[in-house]
Amino acid sequence: MGFNCGIVGLPNVGKSTLFNALTATAAAAAANFPFCTIEPNVGRVPVPDPRLERIAAISASARTVPTQLEFVDIAGLVAGASRGEGLGNQFLAHIREVDAIIHVLRCFADDNVIHVAGDIDPIRDAEIVETELMLADLESLERRTAGLVKRARGNDAEARAALAVAERALAALQGGAPARSLEVSDEEAKAFRSLQLLTAKPVLYVCNVGEDEAAAGNAWTAAARVRASERGAEAVIVSAGIEAELVALAGDQDRLAYLESLGLAETGLARIIRAGYHLLDLLTFFTAGPKESRAWTVRRGAKAPEAAGVIHTDFQRGFIRAETMSYDDLLALGSEQKVRDAGRMRSEGRDYLVRDGDIMLFRFNV
């Protein structure tokens, strides 16, 4: 199962520099991490998780395979994109295909890098992008609502459910709020997803700062954090310049020393991945054995057969049960056999909700 984050922003905010640095850093991070550039503007990066290495050591695995997130560098947006200005239609189409939006905001001053608006104002920049997305959603909803009304009059239960949610979303957008601000019940979730609204996607603001402000931020990043809180989004501070410098360093020790000299404990890549993982409400489960230990990703709330299907569709189709132990039990007891001997290995059925850190062995029959 792939989860992807689209990187968006106005021209000259550091969006492509950040994408190039992040994906190159991931490729250089460790030789045994699988890394793949699918297209020039798409890259997969491993999710750092120290639990995986410990599981592999206990299981004497020949290799480790981390779970991954996919980053998509989406063409720059300009005001009027919702009306097709610039690469507007292409931009909006690409956003519809991603699970979450990483919105890069320029929070640095540099006379050598001209801002399209003439000055630095990340809140204004954020509003330009969100306004275009909201206008696109309004147009889409107005078209769809007309059709839903006709179907609802014909006693189409699915259309009635979608119409009720669409009207609420339309009211929110007309009031200046993104669709993700709506409180959607479990019963409404399917109808809400069917609307495919751009502003329903979770947003992470990445505040791109100068190298000397990467640790503490600045007034612009403080304002961006406030906006993120108000709009149901999240924010992290990253310096694309630092990430680019890290790519040029040969070894882990050199990279660590460079980060420490700047007052940083980890790379921007690690912060963005962790925030993106949280943004998408994902959790990690593991499989382990002598051949390999591997991390897998599912959304929180996934049941055991769905987790099995992430590995192979046959596992889900023929699911019988999942032999499950927790990471904490394996770490504390020291081996799978000792977990079994202690009675801590569980046999979970179809309704089991996967927990973060579960180590699972699926039994199936097809």
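One can find the structure itself at the top, above this paragraph.
No experiment lies behind these values; they were computed from the predicted model shown. (Residues numbered from 1 in each chain as written. Predicted model: local features only at pLDDT ≥ 70, side-chain atom pairs only at ≥ 80, totals over all residues. Heavy atoms only, no water.)

(A) The arrangement of helix α10 (residues 268-279) in detail. Between its first and last C-alpha, α10 extends 16 Å over 12 residues, near the 16 Å set by a 1.5 Å rise per residue. Counting buried residues in α10 gives 10 out of 12 residues, a clear majority hidden from the surface. One or two steps after α10, the chain reaches aspartate 281, where phi turns positive at roughly 55°. (Helix = DSSP H or I, 4+ residues; strand = E, 2+ residues; numbered from the N terminus. Expected span 1.5 Å × (residues − 1). Buried < 20%, exposed > 50% of the residue type's maximum accessible area, 1.4 Å probe, protein only.)

(B) Quick peek at the environment of alanine 152. The residue alanine 152 is located in helix α4 (residues 122-153) in this model. Residue alanine 152 is classed as buried on the basis of its relative accessible area of 14%. Between the alpha carbons of alanine 152 and alanine 162 there is a distance of 9.1 Å; along the sequence they are 10 residues apart. Those residues within four positions of alanine 152 in sequence are excluded, and the remaining contacts are Ala159, Arg160 and Leu163. (Contact = heavy atoms within 4.5 Å.)

(C) Summary view of the packing of aromatic side chains. What the rule picks out here adds up to three aromatic pairs. Here a set of aromatic residues connected by ring pairs shows up, and it is made of Phe285, Phe319 and Phe362. Over the aromatic face of phenylalanine 108 sits the side chain of arginine 106, whose NZ or CZ is 4.4 Å from the ring centroid. (Phe/Tyr/Trp six-rings, centres within 6.5 Å; stacked < 30°, edge-to-face > 60°. Lys NZ or Arg CZ within 6 Å of the ring centre and 35° of its normal.)

(D) Local environment of the pattern of salt bridges. Inspection of every chain in the model, using the stated rule, returns 28 salt bridges. Here arginine 294 ties to glutamate 292 by a salt bridge, and the two come within 2.8 Å at their closest N and O atoms. Judged by its relative accessible area of 21%, arginine 294 falls in the partly exposed class. Across the pair arginine 344 and aspartate 329 runs a salt bridge, and its minimum N-O distance is 3.1 Å. Of this pair, arginine 344 sits in the loop between α14 (336-341) and β12 (346-348) while aspartate 329 sits in helix α13 (residues 327-333), and the two are 15 residues apart along the sequence. What emerges from the salt-bridge pattern is a single network uniting Glu127, Glu130, Arg180, Arg227 and Arg231. (Salt bridge = Lys/Arg side-chain N within 4 Å of Asp/Glu carboxyl O.)

(E) Inspection of the nonpolar core at higher detail. Core analysis: the largest hydrophobic core is formed by 58 residues, its most contacted members being Phe71, Val206 and Ile272. With six residues, the top contributor of residues to this core is α10. Residues in contact with isoleucine 272, not counting those within four places in the same chain, are Leu18, Leu22, Phe71, Ile102, Leu204, Val206, Val236 and Val238. Listed in part, the 20 residues of the second largest apolar core include Met134, Leu138, Ala159 and Leu197. (Core = buried A, V, L, I, M, F, W, Y, C linked by side-chain atoms within 4.5 Å.)

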